[in-house]
Amino acid sequence: MRRALLAITGLAAGTTALVVLKGAPGAGQAGADVPAALAPVAPGGSAAPEPPSPTGSAPGVTPSPRASSKPTPKPSADRSAASRGGTRTRTIPAAPRTTTSAPKATTRTVTGPSVTYEYGSLQVRITLSGSRIVDATAIGLPLGGQSGQRSDDVQARYSGTSGEVVARQSANLSTVSGATYTSTAYKQSLQAALDKA
C-alpha cells in the first residue's frame, strides 16, 4: 500500500515538474532564438563562441545567400527580456507623419489698360496675393494744378494697402467728390485689370 502511494506521489510530482518546465514562457525556444549579439557572456567577460555554421564556413563569415533561398526577416527582440528568459516583444515602427500645410499664396501684379479722360490718361496697377487684392495704385496721373489736386484725392481714396480698392475687393467704388472724370477712368482701368487677373 505504501509503495503504491509513493509511486502515485512520485508520478504526480514528476508530471507537475514536466508541465511547469514545458509551459514556462521562453523555456524551450528562448535559448535557441537569442541572436549572437545577445549570446550569454562567459565568466571571463567575453561572449560565448559562435556555434559552427551549417555550411562549414569560418566563424564570423556570412555565407552568400543561395539564389533560391528567401531571406527571413529578423524580428527585433527586447534585449532585457530575452536575456532574462522572458517573452520577446516585436517593435512595430510608427507610421510616418504627414503634414499638410496650406499652399503659399503667390503674389503677382496686374496692370490695367491706359484710360484716356478729360485731364489726361491713367492706368491702375493692382497687386494680388492669391485671388485677394492687397495693393492698388494709379500710374500716369496728371501732376500739378487743379487736375493734379483731383488726381491726389482719387489716389488717396482708392489706392494703397488700406484704400477703398483693397477694402471692397472690386471696382465698385464710390466716386470722389469733385473728381468724377478721374474716378471714372480709375474704375475702368481697375475693372480691366481685375478681368485680366
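Keep in mind it's a predicted model, so treat the numbers as computed, not measured.

A.B. asks: Help me understand the overall build of the protein chain in this model?
C.D. replies: The secondary structure content of the protein chain amounts to 6 helices and 4 strands. When the elements of the protein chain are put in sequence order from the N terminus, they spell out α-α-α-β-β-β-β-α-α-α. In the protein chain, which comprises 197 residues, the share counted as buried stands at 20%. Approximately 14400 Å² of the protein chain is accessible, and the part contributed by carbon and sulfur atoms is 58%.

A.B. asks: Sorry if this is basic, but what is going on with the packing of aromatic side chains here?
C.D. replies: How two aromatic rings sit relative to each other is set out by the distance from centre to centre and by the angle between their planes. One pass over the full model with this rule turns up 3 aromatic pairs. For the pair Y117 and Y119, a centre-to-centre distance of 6.3 Å together with 70° between the ring planes defines the contact as edge-to-face. Residue classification places Y117 among the buried residues on the basis of a relative accessible area of 11%. Accessibility expressed as a relative area gives 30% for Y119, which makes it partly exposed. One aromatic cluster is present, built from ring pairs that chain together Y117, Y119 and Y181.

A.B. asks: Looking at this model, I keep getting lost on the pattern of salt bridges. Mind explaining?
C.D. replies: Side chains bearing opposite charge may pair, as long as their charged atoms lie close to each other. Throughout the structure, instances matching the rule amount to 2 salt bridges. Note that E164 is salt-bridged to R157, the shortest N-O span being 4.0 Å. Relative accessible area serves as the criterion here: at 11%, E164 is assigned to the buried category. Residue E164 is joined to R168 by a salt bridge in which the shortest nitrogen-to-oxygen separation is 3.5 Å. Residue E164 and its partner R168 are located together in helix α5 (residues 164-168), separated by 4 residues, close to a single helical turn. You can call R168 partly exposed: its relative accessible area is 43%.

A.B. asks: Which parts of the structure should I look at to understand the side chain of S183?
C.D. replies: Within the element layout of this structure, S183 appears in helix α6 (residues 180-196). Relative accessible area serves as the criterion here: at 0%, S183 is assigned to the buried category. In contact with S183, other than residues within four places in its own chain, are V154, Y158, T175 and V176.

A.B. asks: Please clarify how the packing of helix α4 (residues 145-158) against α6 should be interpreted in this entry.
C.D. replies: Geometry of a packed helix pair, given as the angle between the helix axes and the separation of the axes. At a minimum axis distance of 9 Å, the contact between α4 and α6 shows a crossing angle of 45°. Judged by the angle between their axes, α4 and α6 are oblique. In this structure, α4 meets α6 at a crossing whose hand is right-handed. Mapping the contact onto sequence places R150, S151, V154, Q155 and Y158 in α4 and T182, S183, Y186 and K187 in α6. Here the residues of the contact of α4 with α6 are counted per class, giving 3 nonpolar, 4 polar and 2 charged.

A.B. asks: How should α4 be read in this particular structure?
C.D. replies: The α-helix advances 3.6 residues per turn, and as a result positions three or four apart in sequence lie on the same side. The first and last C-alpha atoms of α4 sit 20 Å apart over 14 residues, in line with the 20 Å expected at 1.5 Å per residue. Listed in full, the buried residues belonging to α4 are S147, G148, R150, S151, V154 and Y158. End-on view of α4: buried residues confined to an arc of 160°, all on one side of the axis. Turned more than 90 degrees away from the buried face of α4 sit G145, Q146 and A156, all of them exposed. The secondary structure elements touched by the buried residues of α4 are β2 (115-117), α5 and α6.

Each value, and the rule that gives it
As a convention, each chain's residues are numbered from 1 in the sequence order in which they are written. Whole-chain, interface and lining totals are the exception, using all residues; otherwise, since this is a predicted model, local features are given only for residues with pLDDT of at least 70 and side-chain atom pairs are given and counted only at 80 or more. To get the side-chain values, all heavy atoms of the structure are used, and hydrogens and water are removed first. Think of it this way: any DSSP run of H or I at least four residues long counts as a helix, any run of E at least two long counts as a strand, and we number them from the N terminus. Each residue's exposure class comes from its accessible area (1.4 Å probe, protein chains only) as a fraction of the maximum for that residue type: buried when under 20%, exposed when over 50%, partly exposed otherwise. Using a 1.4 Å probe, the Shrake-Rupley method yields the accessible areas, and only the shown protein chains count as cover for residues. Working definition: rings of Phe, Tyr and Trp (its six-membered ring) pair if their centres are within 6.5 Å, and the pair is stacked with planes under 30 degrees apart, edge-to-face with planes over 60 apart, and tilted otherwise. When a carboxyl oxygen of Asp or Glu lies within 4 Å of a side-chain nitrogen of Lys or Arg, that pair is called a salt bridge. Contacts were defined at the residue level, with two residues in contact if any of their heavy atoms lie within 4.5 Å. Geometry is summarised by axes, namely lines fitted to C-alpha atoms with helices restricted to the contacting stretch, and by angles between N-to-C directions that run from 0 to 180 degrees. Orientation labels follow simple angle bins: below 35 degrees gives roughly parallel, above 145 gives roughly antiparallel, 65 to 115 gives roughly perpendicular, and whatever is left gives oblique. Two helices crossing with the near one rotated counterclockwise from the far one by less than a right angle form a left-handed crossing, whereas a clockwise rotation gives a right-handed crossing. Lys, Arg, Asp and Glu make up the charged group, whereas Ala, Val, Leu, Ile, Met, Phe, Trp, Tyr, Cys and Pro make up the nonpolar group; the residues left over, Gly among them, are polar. What a helix should span is 1.5 Å times the count of its residues minus one. As used here, the arc belongs to the directions running from the helix axis to the C-beta atoms.

So, to be careful, I would describe these as geometric facts and stop short of saying anything about function.
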